[in-house]
Structures are given as structure tokens and as C-alpha cells.
Amino acid sequence: MRQGQNPVKQLNQVAKPQRVTAAVLNHIPFLDGFYSEMLEVVRVSLNSMREDAGLPFDLLVYANGSCAEARAMLLEEFEQGKIQTLILSDRNMGKGGAWNVMLQAAPGEIIAYADNDVLYHPGWLKESVKVLETFPDDVMGRVCGETS
């Protein structure tokens, strides 16, 4: 049984998400063959993402049925504060199923999505947001599948 007042109620401020959530889909079912070097690929990808995005962002990673070693690496990054939101699925939901979860979970106004093997250029996020803000109808129409 709890006693007294909840000390969290005394907080004057709570954390707010960044305007942009970078959402990364990670699927490493095992560390053999095609996937033998994927842990290092993911590390390089995430480090290049964070190195010089040009804008602040929160990082959301969805581990889509990944093996224990991949989950352990992602948990370590989460515990170090390098990943703000980590979702671990015990089975592969497919890309579409993962997107549904990620898009609902991402707290940002803008979601920058990528797979786990992207090498990011300096300023990648700033330039991407600039395109979105300059051509919002064109970018959103193409993302949503319109072709006019």
C-alpha cells in the first residue's frame, strides 16, 4: 500500500518530445550469413545519424523480431540515453505491421523513417525538414501515394 503523496506530482515541468522523431526499423533475426555483420552496420548507421543531423530529434527504434544479441545492443544504447524510445517485438511483424506501431508510438510532429542500414550525411535531418517545409503538399502527397 502506498503512503503519502506521489512525489512526481510536485514536478513543475515534464519532458517534452523533440519536434522530429527519427524512427528506425531494425530486423536482425540471427547473426549468420546475410546478417553476420549487421550489429556493426546498425552501430555505424545510428552513430552517423546522431553525428550531425543539423536539428535535434528523438530516436525511436523498433526491434522487429530481432535476435537476443541485437536486442542487447539496442538496450545498451537505450540505457545510455542514445535511444529515447525502444520497442522490442518478440516476433517479426513485417514492415507494414512495424510501421503501424512505430507511427503510432512516435511522439514528434515530424517522423523521419529509415531502415537500419542507412549511412547519414552531415545535416541530413535539417535538409530533409527544409524540403518538407518548402514543398509540404508535394512531399506529403508523394508519401501518401498521390501522383497528381
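Quick caveat, the model's predicted, so the values are computed rather than measured. (Residues numbered from 1 in each chain as written. Predicted model: local features only at pLDDT ≥ 70, side-chain atom pairs only at ≥ 80, totals over all residues. Heavy atoms only, no water.)

Focus on the side chain of Glu77
Rules: Helix numbering and strand numbering both begin at the N terminus, where a helix is a DSSP run of H or I of at least 4 residues and a strand a DSSP run of E of at least 2. It only takes one pair of heavy atoms within 4.5 Å for two residues to be counted as in contact.
Looking at the element boundaries, Glu77 is found in helix α2 (residues 68-79). In contact with Glu77, not counting residues within four places along its chain, are Leu46, Arg50, Lys82 and Ile83.

A look at a nonpolar patch on the surface
The criterion, for reference: Patches in this entry comprise residues that are over 30% relatively accessible and not in a salt bridge; like charges within 9 Å are linked, as are nonpolar side chains (Val, Leu, Ile, Met, Phe, Trp, Tyr) within 5 Å. Note that accessible areas follow from Shrake-Rupley with a 1.4 Å probe, and for residues the cover is restricted to the protein chains shown. Any Lys or Arg side-chain nitrogen found within 4 Å of a carboxyl oxygen on Asp or Glu counts as a salt bridge. Relative accessibility thresholds used throughout: buried, under 20% of the residue-type maximum; exposed, over 50%; partly exposed, between the two (1.4 Å probe, protein chains only).
Taken together, the side chains of Trp99, Leu103, Ile111 and Tyr113 present a nonpolar region at the surface, about 350 Å² in accessible area. Of all the secondary-structure elements, those providing two or more residues to the nonpolar patch are α3 (94-105) and β4 (110-115). Note on placement: Ile111 falls in strand β4. Relative accessible area serves as the criterion here: at 32%, Ile111 is assigned to the partly exposed category.

Describing the sheet that holds strand β1 (residues 20-26)
How we decide: DSSP bridges decide pairing: two strands pair if at least two such bridges lie between them. Axis lines are fitted through C-alpha atoms, for helices just across the contact stretch, and the angle between N-to-C directions can take any value from 0 to 180 degrees.
An order of β3-β2-β1-β4 is seen for the four strands of this open sheet, with the pairing classed as parallel. Strands with a single pairing partner mark the edges of an open sheet, and in this sheet they are β3 (85-89) and β4. On average, each strand axis in the sheet is tilted by 15° relative to the strand beside it, whichever way the strands run. The sheet contact formed by strand β2 (residues 58-64) and β3 spans five bridges and is parallel. When the sheet's bridge partners are listed, Leu60 is paired in β3 with Thr85. Docked against the sheet, α3 engages β1, β2, β3 and β4, running at close to 150° with respect to β2.

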